[in-house]
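Single-letter residue listing:
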Amino acid sequence: MNQRFAAAALVFLSVVSSRSDLLACGDKFLLMGRGTRFQRFAVRHPAAILVYANAASSLPKALSNLPFETMLRKAGHRVALVADSVELARMLQQEKWNLVIVDVADGRAVSSLLSSQQMSPVVLPVVYNVTDNEVAQVKKEYRFVLKSPAKSQSFLDAIDAALALKETSRASDAKSIR
């Protein structure tokens with residue numbers, strides 16, 4: 001009996017005296033700098049986003065692989081999807097948009113349509129199966145490019161980066177007016 005008690009006391013003392021952190025279920029979320037995955041959807045710039053998914057382009061097929069509307073709404077954005085140029089022009093006239101997502105083939109046409117607006121939205125083109133050189137050429141024209149939207153997080157990151165650029169350019173414009 002004494003041997004059992006001594007063995008149990010020894011095990012207890014060795015566990016209590018060890019300095020390593022033993023994390024219980026859920027304690028890992030209480031450590032500084034760690035969080036849960038749902039925090040990645042916290043939007044920095046809630047925006048009005050217009051998606052021009054021209055039926056003749058590759059964008060509708062690429063977006064069909066992603067639950068992009070649900071994902072953008074979850075992130076706090078307001079989203080509208082248009083499929084033809086007449087509806088696009090009507091939506092651009094009726095409402096203010098912060099970002100327009102287009103196929104790279106439609107980018108110039110949409111940009112020329114937006115040039116007449118006073119507060120024009122950022123155009124975010126989507127490219128598919130292109131080389132790095134082609135992406136670099138598109139980036140020269142648009143600054144931000146979304147390459148084959150395969151993951152939800154890359155889609156949100158590209159949108160956040162484009163909207164952040166718009167905010168910084170708007171702030172610098174306001175400073176130059178003063």
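Let me sum up the structure you'll find in this document.

Conventions we followed
Residues numbered from 1 in each chain as written. Predicted model: local features only at pLDDT ≥ 70, side-chain atom pairs only at ≥ 80, totals over all residues. Heavy atoms only, no water. Core = buried A, V, L, I, M, F, W, Y, C linked by side-chain atoms within 4.5 Å. Buried < 20%, exposed > 50% of the residue type's maximum accessible area, 1.4 Å probe, protein only. Helix = DSSP H or I, 4+ residues; strand = E, 2+ residues; numbered from the N terminus. Contact = heavy atoms within 4.5 Å. Salt bridge = Lys/Arg side-chain N within 4 Å of Asp/Glu carboxyl O. Axes fitted to C-alpha atoms, helices over the stretch in contact; angles between N-to-C directions. Left-handed = near helix turned anticlockwise from the far one by under 90°. Nonpolar A, V, L, I, M, F, W, Y, C, P; charged D, E, K, R; others polar. Pairing = 2+ DSSP bridges.

1. Points about the nonpolar core
In globular proteins that are soluble, nonpolar side chains generally tend to be buried together. Counting 26 residues, the largest nonpolar core has F68, L99, I101, F155 and I159 as its most contacted members. Mapped by element, the contributors of at least two residues to this core are β1 (48–52), α2 (59–64), α3 (68–74), β3 (99–103), β4 (122–127) and α7 (152–177). Of all the elements, α7 adds the most residues to this core, at six residues. For L99, the contacting residues outside a window of four places in its chain are A48, I49, L50, P121, V122, L124, I159, A162 and L163.

2. What about the pattern of salt bridges?
Per the counting criterion, the structure on display carries two salt bridges. A salt bridge links R73 to E69, with the nearest nitrogen and oxygen atoms 3.3 Å apart. Of this pair, R73 and E69 both sit in helix α3, separated by four residues, roughly a single helical turn. With its nearest N and O atoms 2.5 Å apart, the salt bridge here joins E95 to R78.

3. Quick look at the packing of helix α4 (residues 85–94) against helix α5 (residues 107–114)
Contact geometry of α4 with α5 gives a least axis separation of 11 Å together with a crossing angle of 35 degrees. The two elements α4 and α5 cross, and the hand of that crossing is right-handed. Seen from α4, the contacting residues are L88, A89 and L92; seen from α5, they are V110, L113 and L114. For the contact of α4 with α5, the residue count by class is six nonpolar, no polar and no charged.

4. A few points about the sheet that holds strand β2 (residues 78–82)
In spatial order, the strands read β2-β1-β3-β4-β5; together these five strands make up an open sheet with parallel pairing. Only two strands of the sheet have a single partner each, and these edge strands are β2 and β5 (146–147). Inspection of the sheet shows β1 paired to β2 by five bridges, in the parallel sense. Along β2, the bridge assignment pairs L50 with A80. α5 rests against β1, β3 and β4 of the sheet, and its axis sits at about 150 degrees to β3.

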